[in-house]
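Topology and contacts: notes
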Amino acid sequence: MIVFLLSITAGAQDYGPYTEIAQGWERKTINNVPSAKLSDLVKKFNQTWPTDFATDAYNVMKQGLAEKMLDDNTGYKIIYDAKNGYVEASDEGSDLGHMSACVWRRSNGHSLFAICMGQPTDPDVEIICFYDYNPNTKTLTPVPDILGSWPRKGNGHIEYGLPQKGKELIISEWTNDTFQLYIHHFKWDGMKPVFDYTNHIEDPEEYFQTNHIQVQFKGSSPNISDFVTAILSQEELGECLGAVSDDWSLRQRGQKLPESVQFTVDERNGFIRYDKVYPPLESAYTEFCFWNCSDGKHKLIGTNSGAIMDNKPVETECTGLWFYIYDNQTKTMTSLSPSEVGAIIDANTTVTYALPRSGKNIEATIHNPGKTVKKILIWNGDGFSQ
């Protein structure tokens, strides 16, 4: 989605259905807001500046649903993450309209509420509104200049990415002339998003063809759970990781897991294993771990899946190794095949792997008829050698 950044001031600009909001939101305080709950904030904003997207989002929030598809034909759906204070409405139809909102807790006891909305056609428009919520006065006060000055690269298209997890605000900016992409990162300082750094994407087409996965985390660097959450949050995981994703979501929400499922989470050693039993004689497992690369700028994340049938290991389209490389600066992961990191075992029979819970090497087992052969994939700081 590509959208224009608007100067949110009074004037004669045509913002389509958002004209009234764009020309008036920053001058109007919203009163009688009962709490800093995202549902209350969205409700009161929508009562003041009504839109179809915010209305639909609030109705789903009111039902307590985490997700609801409202139109199968256009892919119009609402996602509501109550725990993290985030909601979005998106439509994959011809108009590609959208709305998202989130809330940050401020260090002075107030909250910062942001709501973004727009459409890419007739006209191209994107609006973001920021409010300070005062729990004593029960008011939402506009703070239009909260981002201050930040290093824009031109007058091209821009879009906002409000955080569902973590607190980082992302602003993506396209140049008009060279069609390059700049991704601006804003870190949370306790009171507001503050510009941190810019990632320059010289080839946006290649960038979006590559699966860049944003990693959200607290503290100075992500842990193994953060990497697993990012991997399992991808769309269209299919049957290979779909069940792992569903059960990981249950665990993260503190809900009871099925009796057939077990997670082993070792944060200290950067290792997670998922086991699922299919009685009487079938089971499956998936392991995750990561390595710090020798350049100090990247981490390599490994996944390993296996399947057991009739008490024997089998190879399927879902088994084996896969990798992701994490960039410390951009806080994103991209996928890598085993061959790209030297983790290939040539064999004409079943091969299983074990990721390291301790140490740094991967153990491979070649299951020849009547015997097995062990091989070690040795971590060298950038990949593996045998």
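Definitions and cut-offs
Residues numbered from 1 in each chain as written. Predicted model: local features only at pLDDT ≥ 70, side-chain atom pairs only at ≥ 80, totals over all residues. Heavy atoms only, no water. Pairing = 2+ DSSP bridges. Helix = DSSP H or I, 4+ residues; strand = E, 2+ residues; numbered from the N terminus. Axes fitted to C-alpha atoms, helices over the stretch in contact; angles between N-to-C directions. Contact = heavy atoms within 4.5 Å. Buried < 20%, exposed > 50% of the residue type's maximum accessible area, 1.4 Å probe, protein only. Polar contact = N/O pair within 3.5 Å; in protein donor to acceptor, adjacent residues only side chain to side chain. 1 Å grid on protein atoms, 1.4 Å probe; cavity = no way out; pocket = protein on both sides within 12 Å on 5 of 7 lines; lining within 4 Å. Points joined across faces, edges and corners; volume = space filled by probe spheres on them. Nonpolar A, V, L, I, M, F, W, Y, C, P; charged D, E, K, R; others polar. Expected span 1.5 Å × (residues − 1). Arc of directions from axis to C-beta.

Sheet strands line up and pair through hydrogen bonds in the backbone, either parallel or antiparallel. Pairing is antiparallel in the open sheet, where 4 strands are placed in the order β8-β9-β10-β11. Edge positions in the sheet fall to β8 (158–161) and β11 (193–201), since each has one partner strand and no second. Sheet twist, expressed as the mean angle between neighbouring strand axes with direction ignored, is 20°. Strand direction decides the pairing type here: strand β10 (residues 181–188) and β11, joined by 8 bridges, are antiparallel. Bridge pairing in β11 places His184 opposite Thr198.

As a further point, take the sheet that holds strand β4 (residues 98–105). What the 7 strands build is an open sheet, ordered β1-β2-β3-β4-β5-β6-β7; its pairing is antiparallel. Edge positions in the sheet fall to β1 (67–71) and β7 (139–142), since each of these pairs with one other strand and no more. Here the strands of the sheet are splayed against their neighbours by 15° on average, with no regard to which way each runs. In this structure, β1 lies alongside strand β2 (residues 76–81), joined through 4 bridges in antiparallel fashion. When the bridges of β2 are listed, Met69 appears paired with Lys77. Here helix α2 (residues 38–48) sits on the sheet and contacts β2, β3 (86–90), β4, β5 (111–119), β6 (125–134) and β7; the angle it forms with β5, its principal contact strand, is near 55°. Along the sheet face, helix α3 (residues 52–63) touches β1, β2, β3 and β4 and points at about 50° away from the line of β2.

Let us look at helix α5 (residues 224–232). Of all 9 residues making up α5, 9 are buried, and the element is well covered by its neighbours. Where α5 begins, one side-chain oxygen reaches toward the backbone nitrogen of Ser225, 3.1 Å away; that side chain belongs to Asn223.

With that out of the way, let us pick up empty space enclosed by the protein. According to the stated counting rule, one finds 1 cavity of 30 Å³ or more in the structure shown. Taken as a whole, the largest cavity holds about 60 Å³ of empty space. If you go around the largest cavity, you meet 13 residues; those closest to its centre are Ser305, Gly306, Thr319, Val351 and Thr352. If you list the elements that add at least two residues to the lining of the largest cavity, you get β16 (298–309), β17 (312–314) and β20 (350–354). Considering each element in turn, the lining of the largest cavity owes the most residues, 4 residues, to β16. Of the residues assigned to the lining of the largest cavity, the class counts are 6 nonpolar, 6 polar and 1 charged.

This paragraph deals with α3. A rise of 1.5 Å per residue sets the reference length of α3, with its 12 residues, at 16 Å; its end C-alpha atoms lie 17 Å apart and thus fit the reference within 8%. The complete set of buried residues in α3 reads Phe53, Ala54, Ala57, Tyr58, Val60 and Met61. Seen along its axis, α3 keeps its buried residues to an arc of 160°; they face one direction. Exposed side chains of α3 directed beyond 90 degrees from the buried face belong to Asp52 and Lys62. On the buried face of α3, the contacting elements are α2, β1, β2, β3 and β4. Residue Gly64 follows α3 closely and has a positive phi angle near 75°.

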